[in-house]
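As a plain string of letters, each chain reads:
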Amino acid sequence: MKNTRSPSSSDRAAASPGRLTVLAALLASLSAPALAASDIVISQVYGAGGNGSGATAATLKHDFIELFNRGAAPVSLNGWSVQYASSAGTTWQVTPLTNVTLQPGQYYLVQEAAGAGGTATTVTADKVGTIPMAAGAAKVALSNSTTALTGGTPTGGAVMDFVGYGNANFYEGTGAAPTLGNLLSAYRNNDGCDDSDNNANDFGAAVPAPRNTATALRVCGQTQNKPIVPTCPATLALAQGYAGAAALSATDADGGVNAATILGGAVAGIALVDFTAATEAGGVATASLAATSSLAVGDYPLTIQFSNDQQQTATCPLTVKVSGLAAVTRTIPQIQGAGPASPDNGTVQTAEGVVTLKVGNGFFMQDAAGDGDPATSDGIFVFTSSAPANVQLGDKARVTGTVFEYTPTNATRSYTEFKDVTAVVPMSAGHAVTPANVAPGAALAPLEGMLVRFTQPLTVNQAEYLGDRGELTLASGRLEIPTNRHPARTPEAYALAAANAAGVIVLDDGVFTTPAVVPYIGQDGTVRVGDTVTDLTGVIDYGAIGGGGAAFKLQPVSAPVFSRSNPREAAPVLAAGNVKVASANVLNFFTTFTNGRNVEGQTGQGCKIGATTSASNCRGADNLDEFVKQRDKIVAGLKALDADVVGLMEIQNNGDYALSYLTNALNAAIGANVYAIVPAPAATGTDAIRVAMMYKPARVTLVGGALSDGDGVNNRPPMAQTFQAANGEKFSLIVNHLKSKGSCPSGTGADADQGDSQGCWNATRIQQANRLVNSFVPQVVAAAGDPDVLLIGDMNSYGMEDPIAAITGAGYVNQLERHIRPQGTPYSYVFGGTSGYLDHALASASLSPQVAGAAEWHVNADEPTVLDYNTDGKNDNAKSLYNASAYRNSDHDPVVVSLNLQPKYVELTASVKLAAQGLAFNRATQKFTGNLYVTNTSGAALSGPFQLKLDGLTSGVTLDNASGSFGGAPYITAAGATLAPGATLTVPLVFTNPSKGAINYTARFYRGAF
């Protein structure tokens, strides 16, 4: 029977979590029969037909749904249908199936709507429908009826199989199939035979490969020999009178390929040579197709057959094309020209060059001699769609094709290349090109397509797109976000932005698709921003990059060698104090998942934004598996921080549930109840996320309840809590998360991007900052009765941007500038290949002298995104890089502040000698006057301010020159900032004594302020 989770099965409100539950018990509770039994299953789903452009565009034109008979008996599909709904949809589109009986192991292909791009598959559809399917997330059902299903969670006897993929709100089992994309289909494991009634377990993401009723049967339960997979180029292009060869290979996962022959089309002058059999199952057999110089002009279509030790064969077509040798019409430097575009753009030309690098869709070649003009490039890219087989590195090749100025999407310039290539002729072999030496920051346009060597070390500045594109952003040293160092709109900020842009090059991997193996990862499982690479050699390319736009890229010709110049720290390092405070962005820690489930296994759940509650409002983990990975990383990070008070950003706004869950998980990891939550204030905002706090009751105690500012400008209100340290001193912590820089508003108002590096919503952030220091902080100070305030959190503003200037302009001291800037660049976030800090620590004037140190723990921002918990779009290799360590538990680095809270006053009576002068009575003023002398007997200088307090002053006597009263006794603030050893301080005394009796008191001397 099929098992699903019905969204209506449990809608009760979640209670606060207790101790961590055993996940196995939770998973075991999630089964409930809901669908009919069927041996016909949905074996493959693809919804991105014709989508996209460029390297990541869909290669297939049509969406499709594939069915499979995994049983032992034929099954008729007469009267059946496949049906489709959006990820949260309740209406279903229907494609009726043909009257066909599927044999055991037989596939059935339903073609659906076409997109604008892509190429129609050569696999003929068994049924053609018109449903336009979603690329990343949706629901697909197999029904034994052509009547449209109803509702978003259809169950019952008519539903024979069901697949929810991406963030679909309904699916079989505990989780949906993966999120898909232009180059990924949902692929039922084991060729369609696996069916545990759990989409998350049964499906993986794979390159779409449609199968139909004509595909070879795959009978489940029978031993199936894996097929031979041959690799042959489509053509071998030669010039008349020139010999050439093409490399061929074949492999078989469970057998050994041991023979190769020309099955059809063999002629004199063409032969298979240098065959090497595979030495083991899964090994690669190789051969070379050699063509002699005696071949006449013409096409020679061939069929190559490989055989194995399991009596299997496989063939691949190859055509040898012999044409007359075209004369060279232009040199490569002439084609490139000195201008931004080729003077030969759009014309057919023939040029010669030495092959310097082969990549997935062509090769680079370079005029070995060059023209000596530094303004013209000596290299060019030859676009051939796939790597040509008949040229090798070091060959001098003659190429005929159309000169074309390729402009990537959103690029600011073009790149000269050959396309529509009609001839690639290897003329001779064994040539070499000397790389041009290049310094970081040099102009790269005159070097496009050329082999270069960087003469100085380059620093990794971004690893965001390493996993999905194989890219690392490099520059000379770490690049700083301009407004992290300089105020916005200043000449210095604009100059730094220009220098940053000029100094960047992107190291690519030559693949142009998601790499099968994530490149450049070291033996310790990472490559970090701040690491360096020396003697980098490769070819200058230009093309699309991760995050949008285009840039100059280096395609390496040898494996880059990285130095771990920025090693990981096991924990943050900072000066000791008596209270440690941390700010940690936990990157959308939600206990309700985007698939509509929650951590307790309930279905039909959602997250609240304003007045709406739905699964589409949720962020963070898509399912329980991702959640556990996310939780374990965050817990490892918080445990290593070991802070006494932690301010959190981006935790689910569901009361104290998510916070309590995380706190319990942290305590479980520690093995004791070390942390407690700070209960939420009355207002937590209208966003799906909020700010929160946890603390160590053994280290600090709460003073009053938490406060927040629910003013309309704050959709994520700041949260304040006053704490008391073990020495009795208090401070107030305010956690903030200002408006983000993204999701820009329409129009050209003050919140639109002003082009000053501050992003969108800057005007709103300024309002939030002003309200914080001018309205909310005074309320907090008044409630605490103490001026010591620390502002922390994700301000979504870099160090010198306008909102931070509003806060420091109100007297708050930037602790990261104070403690980190003198040693280097403060940063907690990497964006666009530059670094800066969005996460802040700003202390009130009274608290700042008590800040012993501040540090950023670079555990997240420098790490590749591919190491995180999110499994979306990751292949098995990328997923294998995950571990439950603290590294890359978020995208922001935590900030840690060491407070050395000092008592407001300290008694120094034991360090001084107090001597009183006899009092004199002034009959005119009716006052008693005299002096009290304070002599420093401690042997060390004493620092002020100084207070002299008179305890037990005779009743009825008034100290007229008192500065104030403390503890029921008058005191005088004495002049002088310091008192040297042996020095004496004179404190005048003036009394009113109506009784004229004796004046008695006990003098006490203090440092500080009452």
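Treat the numbers as computed from the prediction; the structure is a model and nothing was measured.

Counting buried positions along strand β25 (residues 379-383) gives four out of five residues, so the element sits mostly inside the fold. Here strand β24 (residues 362-366) runs beside β25; their pairing, made up of five bridges, is antiparallel. Bridged to phenylalanine 364 within β25 is phenylalanine 381. One ladder, built from two bridges, connects β25 with strand β27 (residues 415-428); its direction is parallel. Across the sheet, residue phenylalanine 381 finds its bridge partner in β27, namely glutamate 417.

So, on to the sheet that holds strand β44 (residues 719-725). Taken in spatial order, the six strands of this open sheet run β43-β44-β45-β46-β50-β47, and their pairing is mixed. Two strands close off the open sheet at either side, each with one partner strand: β43 (700-708) and β47 (813-814). Here helix α9 (residues 762-784) sits on the sheet and contacts β43, β44, β45 (730-737) and β46 (789-794); the angle it forms with β45, its principal contact strand, is near 150°.

With respect to the helices, strands and loops of the structure, serine 185 is situated in strand β13 (residues 185-188). For serine 185, a relative accessible area of 0% corresponds to the buried category. If near-sequence neighbours (up to four positions away) are discounted, serine 185 is found in contact with Gln44, Val45, Tyr46, Leu180, Gly204, Ala205, Ala206, Val207 and Pro208.

Here we take up the pattern of salt bridges. The final tally for this structure, using the stated rule, is 45 salt bridges. Between glutamate 66 and arginine 211 there is a salt bridge, with its nearest N and O atoms 2.8 Å apart. Of this pair, glutamate 66 sits in strand β4 (residues 62-69) while arginine 211 sits in the loop between β14 (203-206) and β15 (228-231), and the two are 145 residues apart along the sequence. Owing to a relative accessible area of 9%, arginine 211 belongs among the buried residues under this scheme.

This part is about the domain arrangement of the protein chain. What the domain assignment lists for the protein chain is domain 1 (40-206), domain 2 (229-323), domain 3 (332-432), domain 4 (450-563), domain 5 (579-755 + 768-899) and domain 6 (905-1008). Relative to domain 5, the C-alpha centre of domain 2 lies at a distance of 61 Å.

Here we take up unusual backbone geometry. Cis geometry marks the peptide bond from glycine 944 to proline 945, where omega comes out at 5°. Assignment of secondary structure puts proline 945 in the loop between β57 (942-943) and β58 (946-951). Even without a glycine there, the phi angle at serine 743 is positive, about 50°. Tracing the sequence through the fold places serine 743 in the loop between β45 and α9.

Conventions used here
Residues numbered from 1 in each chain as written. Predicted model: local features only at pLDDT ≥ 70, side-chain atom pairs only at ≥ 80, totals over all residues. Heavy atoms only, no water. Buried < 20%, exposed > 50% of the residue type's maximum accessible area, 1.4 Å probe, protein only. Helix = DSSP H or I, 4+ residues; strand = E, 2+ residues; numbered from the N terminus. Pairing = 2+ DSSP bridges. Contact = heavy atoms within 4.5 Å. Axes fitted to C-alpha atoms, helices over the stretch in contact; angles between N-to-C directions. Salt bridge = Lys/Arg side-chain N within 4 Å of Asp/Glu carboxyl O. Domains from an automatic or database assignment.

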